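In case you want the letters, here they are:
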Amino acid sequence: MQKSAFASGMLLVPSFLNGMEFISLDQLSGFRNVIVIQLSGGNDGLNTIVPFGNDIYHKLRPQIGKNEKDIFKLNDQLGLNGACKQLKELYDKGEMTIINNVGYPNPNRSHFRSTDIWQTASASEEYLKTGWIGRYLDANCQNPYEAIEHDSSLSLVMKGNEKKGIAVTDPMQLFQSTREKYFKSIVDNTQANLLNEDNQGYLYKTMLETYSSAEYIFERAKIYDSKHIYPTTPFGKNLKGIADMIVSGLKTRMYYTSIGGFDTHVNQVASQDRLLSIYSEGIGALVEDLKKNDRFKDTLILTFSEFGRRAGENGSRGTDHGSANNVFVMGGSLKQAGIINASPNLSNLDDNGDIRFETDFRSVYATILNNWLGVNDAQVLNHNFERMQFV
Amino acid sequence: MKLTRRQIQHLYWRAGFGPEPCNLNDAEGKTAEELVNHLFKTSEKYDEIRMDLSKFDVDRKSLSDEEKKELIKLANQSVFELDLIWMKQLVDTKPVLREKMTFFFHDHFAMRSKNPKENIDLNNLLRKHALGNFGELLMEVSKSPAMIEYLNNKQNKKDSPNENFAREVMELFTLGRDNGYTETDIKEAARAFTGWTVFQGEFIFRPRIHDAESKTILGETGNFTGEDVIKILLNQQQTARYLTEKLVEFFIGRPISDLEITTFSQQFFSSNYDLSVLVKSILTSSVFYADETIGCKIKSPTELLVGMTRLFEIDYKEPKAVIQIQRKLNQLLFFPPNVAGWSGGRAWIDSSTLMLRLKLSSLLLNFGVIEWDEKSDDPEQVLIHQEKKRDAIQANIEKRINAHPDWKAFEAKMKGQESELTSFLIQAKLSEGAQKTIDQSSSKSLKDRAIELLSLPEYQLY
């Protein structure tokens, strides 16, 4: 007699669910992971890492430009937006890398198109149907929970050809939604080893994977419920959720979350500063929590935005869509911290008045995939991109 | 070829948005040719989608900044209104084949615009030519304000060419990616399209910014205009082939032999791109009715939602919920992810969308509850507790989604065919697990049985 996939409530692991075992807490040390954070809407990089020492900057931004008193000085030229107190602390401890002028050739200034480009790691003229984390799953992983997005729906970045990550906001809610009696009966009655390669088999396979991943995440994430104080913002809650999963010992390599509202065309200063402080406070709490549990050394946090903003301010005390931007990498095991390349060249803007890109964003991905996660970056990114030295 | 019930249902699913029991009675005993001809006949007369745009008929220059902002907000909202108007038409329409082809081209000529008029006009343009001539459709779409703005042909000028439209017209609308054109062809074609722009919401050709010099495109040389490029593209057999491949994927949904593709495509090419010839050939072919074709495809969110809404005549008291569901299932009409359209197929399915898809029928038809129960001997207290929990769920879903099906109408439609419910609702062959679960069910009523069937993974297939 064939054994059913979930006989009598006891989990018999089907072949594609190998590796379901939890890591014991002492094995946990050294299990590297990555948290990717998207600042949605196009964060204004020039008012985040401020070239306060550059006259052109002040000429381009007479109304919204930041002065020395508004920032934390990083060196004679650049300073960190004054809302980013926690980031400054990380920077001072050598736990933050700033990469300037990151972008891609022929920049696209549409939010959703440029988000697609960053998420699929495509060229500007190329339409890929899979995300870079999805392709990482395809090449290296077994289970959906190895890449978790803290959101109610799954972004393109998490979707590979064969495998996809899983979207979770509340592990308990996810678990309950899969435990509807009727669905449980279907899963119990389904023989995983009989599933075909056709679409019907694919639906059942996804259903079984969701079922077991939901159980895995729910059971595992219960282990650690941080008592550390996080900001009560939705972003703070997302980061707490991620920290709980990391410290609980989920075998998850990639976490993805985003914070929106950065599309500051009008009266930018107050709204961007508010968002940056939400971001900075969240990161501060997360890092402290991870450090307390000795996991920061195994964690790399990548922050990007789909594009930077126009170097010159517009007529409404805001900025319009631009192109190249700065990217932040944080972690307890950086090989190269601080500002690692040249400041934006404001005297050589492109025809739109945007910063020209110098570092391809896919080089950042390649570095993380290869140097940090130890996987074949070209297999995931479809090309060889020059790798950097920050990890 | 006389069709079986399953094949007739298949035709109505693929060429429309699902069969009605009355379709089956009328169709029985007829051949594929007869039924397909009938589908074409009922698609001759059709309605455009319409929306009152009078609130946008104002002189923008006379508005204050505040009023301008308000107007932009209204325009953004109106695209969602338009979505609901089209949804209603998809659900109510008689000319289903025309509407289905409009849906196909909504994906093929994917674009986004915040301008409601551009959206309406393009959608009606697609509908007008949906079963007509592809060449005419392509020319008109290329000249539509919607596409000119979306693919930056407004910025395409003699002195500063913009290649966006020239690239996409080859890559996505005609030849297909990497199919016989070069970067030089794109550059040269972009020059030919210079001067195509929009003035006061209408297409206009401006000779002053048009590059009238000689260009070489796909091996032909001349002082080409935009119209010439479209003609050159239509002269390529590859354009017919690319469209054929896409329509075969749309209607058949599984790989077929190269010979079959070539036959369809040559027919299409020699008909001078008559879409009705191609669609008729596909819908009457034996490969379309083959056993492997039936139930092999994953429904798009729109087909899933429209199919269910049609059959159960669902009344959405909270229309926003429809938008919300489209969004969660990753197919918000009028908002394709990019110019390449929706990815489709397995890309529709991930953990989140699948769980929502499986829950969808209970959410829309019974306020979130599947009345499925294994025969159990739970003590009464447990049952009372379960009932309370169930009432709370239903109250919550009623508040949030508030969808009301017409069960009386459904029962009337199914009268005398109640025993065929499974084969009527499910096109794919039931898996063993699904069969077991259905067999374990103690449900008797048509309603409970229908919701169980619609909650199976098999209902996602058609």
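In short, a report on the structure.

Calculation rules
Residues numbered from 1 in each chain as written. Chains lettered and ligands numbered in written order. Predicted model: local features only at pLDDT ≥ 70, side-chain atom pairs only at ≥ 80, totals over all residues. Heavy atoms only, no water. Buried < 20%, exposed > 50% of the residue type's maximum accessible area, 1.4 Å probe, protein only. Helix = DSSP H or I, 4+ residues; strand = E, 2+ residues; numbered from the N terminus. Pairing = 2+ DSSP bridges. Contact = heavy atoms within 4.5 Å. Buried area = accessible area lost by both parts, 1.4 Å probe. Nonpolar A, V, L, I, M, F, W, Y, C, P; charged D, E, K, R; others polar. Polar contact = N/O pair within 3.5 Å; in protein donor to acceptor, adjacent residues only side chain to side chain. 1 Å grid on protein atoms, 1.4 Å probe; cavity = no way out; pocket = protein on both sides within 12 Å on 5 of 7 lines; lining within 4 Å. Points joined across faces, edges and corners; volume = space filled by probe spheres on them.

**As for the pairing of strand β5 (residues 96-103) of chain A**
Residues and elements named next belong to chain A. Burial analysis of β5 places eight of its eight residues in the buried class, which makes it a mostly covered element. In terms of strand pairing, β5 meets strand β10 (residues 325-331) through five bridges, oriented antiparallel. Paired with T97 across the two strands is V329, which belongs to β10. By the bridge criterion, two bridges tie β5 to strand β11 (residues 338-339) in an arrangement that is parallel. Within β11, the position partnered with I98 by the bridge is I339. In the sheet, β5 pairs with strand β12 (residues 359-360) via two bridges, with the strands oriented parallel. Bridge pairing links G103 to D360 in β12.

**Some words on the interface of chain A and chain B**
With 37 residues of chain A at the interface, the matching set in chain B holds 50 residues. With both sides pooled, the region where chain A packs onto chain B buries about 3,700 Å², and carbon together with sulfur makes up 56% of that total. A per-residue breakdown of the area chain A buries against chain B is headed by Y127(A), Y182(A) and L203(A), which together make up 20% of the total. Elements with a contribution of two residues or more to the side of chain A that touches chain B: α4 (111-120), β7 (166-167), α6 (171-178), α7 (181-189) and α8 (199-221) of chain A. Counting residues per element, the side of chain A that touches chain B draws most heavily on α8(A), which supplies eight residues. In terms of residue class, the side of chain A that touches chain B is made up of 13 nonpolar, 13 polar and 11 charged.

**Comments concerning the environment of N101(A)**
Residue and element names in this part refer to chain A. Here N101 is to be found in strand β5. N101 sits in the buried class, given a relative accessible area of 2%. Each C-alpha atom of the pair N101 and I355 lies 7.0 Å from the other, and the pair is 254 residues apart in sequence. Leave out the neighbours within four places in its chain, and N101 touches A324, N325, A342, S343, P344, I355, R356, F357, E358 and T359.

**Looking at the side chain of Q417(B)**
All names here are of chain B. Within the element layout of this structure, Q417 appears in the loop between α20 (407-414) and α21 (421-425). At 2.8 Å, the side chain of Q417 and the side chain of R5 are in polar contact. The residues contacting Q417, other than those within four sequence positions of it, are R5, P21 and N25.

**So, the layout of surface pockets**
Estimated volume of the second largest pocket: approximately 1,900 Å³. What lines the second largest pocket is a set of 46 residues, among which S177(A), E180(A), K359(B), G368(B) and I393(B) lie closest to the centre. Of the residues forming the lining of the second largest pocket, the biggest block, 10 residues, is contributed by helix α19 (residues 380-400) of chain B. Taken together, the residues of the lining of the second largest pocket sort by class into 16 nonpolar, 15 polar and 15 charged.

**Focus on the pairing of strand β8 (residues 254-259) of chain A**
Residues and elements named next belong to chain A. With five of six residues buried, β8 is to be regarded as a mostly interior element. Bridge count between strand β1 (residues 33-39) and β8: six bridges; the pairing is parallel. Bridge pairing in β8 links Q38 to S258. Where strand β6 (residues 147-149) lies against β8, three bridges are found, and the strand directions are parallel. Note on β8: the bridge partner recorded for A147 is M254.

Purely geometric stuff here, so don't read any function into it on its own.
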